Amino acid sequence: MTTNRPTFETINTGDAPLPLVCGPLTRTQFVRYAGASHDFNPNHHDEVYAVANGNKAVFGMGMLAGGYCARLLTDWLGDGSLQRLRIRFASRFWPGDVLTCTARVVGKREADGKGLVDCEFSAVNQDGRAVIRGDATAALRR
Amino acid sequence: MDPNAADKTFPPYEFHVERGKIREFADAIGDPNPVYRDPAYAAKQGFAGIPAPPTLLRTFLYEPRAAADALAVKDWSYIVHGEQEFEYFAPTVAGDVLTAQDRIVSVTEKESRRAGKLQIAVIETTFHNQRGEKVQIARRTLVETGKRISE
């Protein structure tokens, strides 16, 4: 939603948006995402089940962290700009965790008449441990 | 997982992309962007309607079980969602009726020191809208570990 969006001309390798900080996360946020996303894996909403399954608590959905990072990208590069988005799940995150989402441009190219930027992104917890990592390609206006 | 499931294609299924679901999803990921709530704002951004957030369509892939069942997983508690990828070809907006079709791209094996023998399945879903336009491909990677992965 930034008004000063980068264009294909102005953006450069190494550019990065302001980080997006999410949390401290609550069980309620996990339950809300379960309902919205239809991900009813009980490890994410049923503490009794999750603990019996060897977890210290319920843990967040990787796709919830993916949603946070996708928001970082669309706020930065524009709604509808994404051509590709890949999320790799690295570790679990828990109630009380604070996730910091960051991204940066790793390349800039033209293909099929489009000005494309390649980005890497990640969400890390308060200890600096990656929860997800990913990469994306966006088409920017000129 | 059954390696013979590779290259299988499953019957298409249809679902509606509703405005209320888009807003609920945006709320759940804490995204206050008016593009997911205000049709006039979305129109000003050049969309034919309220657009789907980038990761929304994964939401419609939990219920259809044909592809997952074809993998013949013995114990789903050993399955990890390793990776999720989306390719975007055209916007999806509220009111669209999408047809999705799943295909198991591959089932492969890999040796991991941390987790023993791994089996890796890639399921690809292709989405077309009511005008027959291909709008998205979603690819999810499921990993079956030889033992439970601990922190």
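Before reading on, note that the structure itself is shown above.
A short tour of the structure in this document, coming up. Nothing here was measured: the structure is a model prediction, and the numbers come from that model.

1. With respect to the overall build of chain A
Next, step 1: Broken down by element type, chain A carries 3 helices and 5 strands.
Next, step 2: Starting at the N terminus, the α and β elements of chain A follow one another as β-α-α-α-β-β-β-β.
Next, step 3: Taking the principal axes of its C-alpha atoms as reference, chain A extends roughly 55 × 30 × 25 Å.
Next, step 4: Out of the 142 residues belonging to chain A, those deemed buried represent 41%.
Next, step 5: Looking at chain A alone, contacts between residues at least 24 apart form 67% of all its contacts between residues at least 6 apart.

2. Digging into the overall build of chain B
Next, step 1: The helix and strand inventory of chain B stands at 3 helices and 5 strands.
Next, step 2: Its helices and strands taken in sequence order, chain B reads β-α-α-α-β-β-β-β from the N to the C terminus.
Next, step 3: Projected onto the principal axes, the alpha-carbon positions of chain B cover approximately 55 × 35 × 20 Å.
Next, step 4: In chain B, once contacts between residues fewer than 6 apart in sequence are set aside, the share between residues at least 24 apart is 72%.

3. Remarks on the interface of chain A and chain B
Next, step 1: Each partner contributes residues to the interface: chain A has 29 residues there, and chain B has 29 residues.
Next, step 2: The set of elements that each furnish at least two residues to the side of chain A that touches chain B consists of helix H1 (27-37), helix H3 (62-77) and strand S2 (82-89) of chain A.
Next, step 3: Of the residues in the side of chain A that touches chain B, the class split is 12 nonpolar, 10 polar and 7 charged.
Next, step 4: Where S2(A) meets strand S2 (residues 79-88) of chain B, 5 bridges bridge the pair, whose relative direction is antiparallel. Note on S2(B): the bridge partner recorded for Arg88(A) is Glu83(B).

4. Thoughts on the pairing of S2(A)
Next, step 1: Two elements, S2(A) and strand S5 (residues 130-140) of chain A, share 7 bridges in a ladder whose sense is antiparallel. Across the sheet, residue Phe89(A) finds its bridge partner in S5(A), namely Ile132(A).

5. A closer look at the sheet that holds strand S1 (residues 20-22) of chain A
Next, step 1: The 10 strands lie next to each other as S1(A)-S3(A)-S4(A)-S5(A)-S2(A)-S2(B)-S5(B)-S4(B)-S3(B)-S1(B), forming an open sheet whose pairing is antiparallel. Pairing within the sheet leaves two strands with one partner each, and these edge strands are S1 of chain A together with strand S1 (13-16) of chain B. Going from strand to strand, the sheet's axes swing by 20° on average, the running direction of each strand aside.
Next, step 2: The pairing of S1(B) with strand S3 (residues 97-112) of chain B spans 4 bridges and is classified as antiparallel. By the bridge assignment, Glu14(B) is partnered in S3(B) with Thr99(B).
Next, step 3: Most of the contacts of H3(A) go to S5(A), to which it runs at about 35°, and overall it touches S1, S2, strand S3 (99-111), strand S4 (114-124) and S5 of chain A together with S2 of chain B.

Cut-offs used in this document
Residues numbered from 1 in each chain as written. Chains lettered and ligands numbered in written order. Predicted model: local features only at pLDDT ≥ 70, side-chain atom pairs only at ≥ 80, totals over all residues. Helix = DSSP H or I, 4+ residues; strand = E, 2+ residues; numbered from the N terminus. Buried ≥ 20, exposed ≤ 12 C-beta atoms within 10 Å, placed from the backbone. Contact = placed C-beta atoms within 7 Å. Nonpolar A, V, L, I, M, F, W, Y, C, P; charged D, E, K, R; others polar. Pairing = 2+ DSSP bridges. Axes fitted to C-alpha atoms, helices over the stretch in contact; angles between N-to-C directions.

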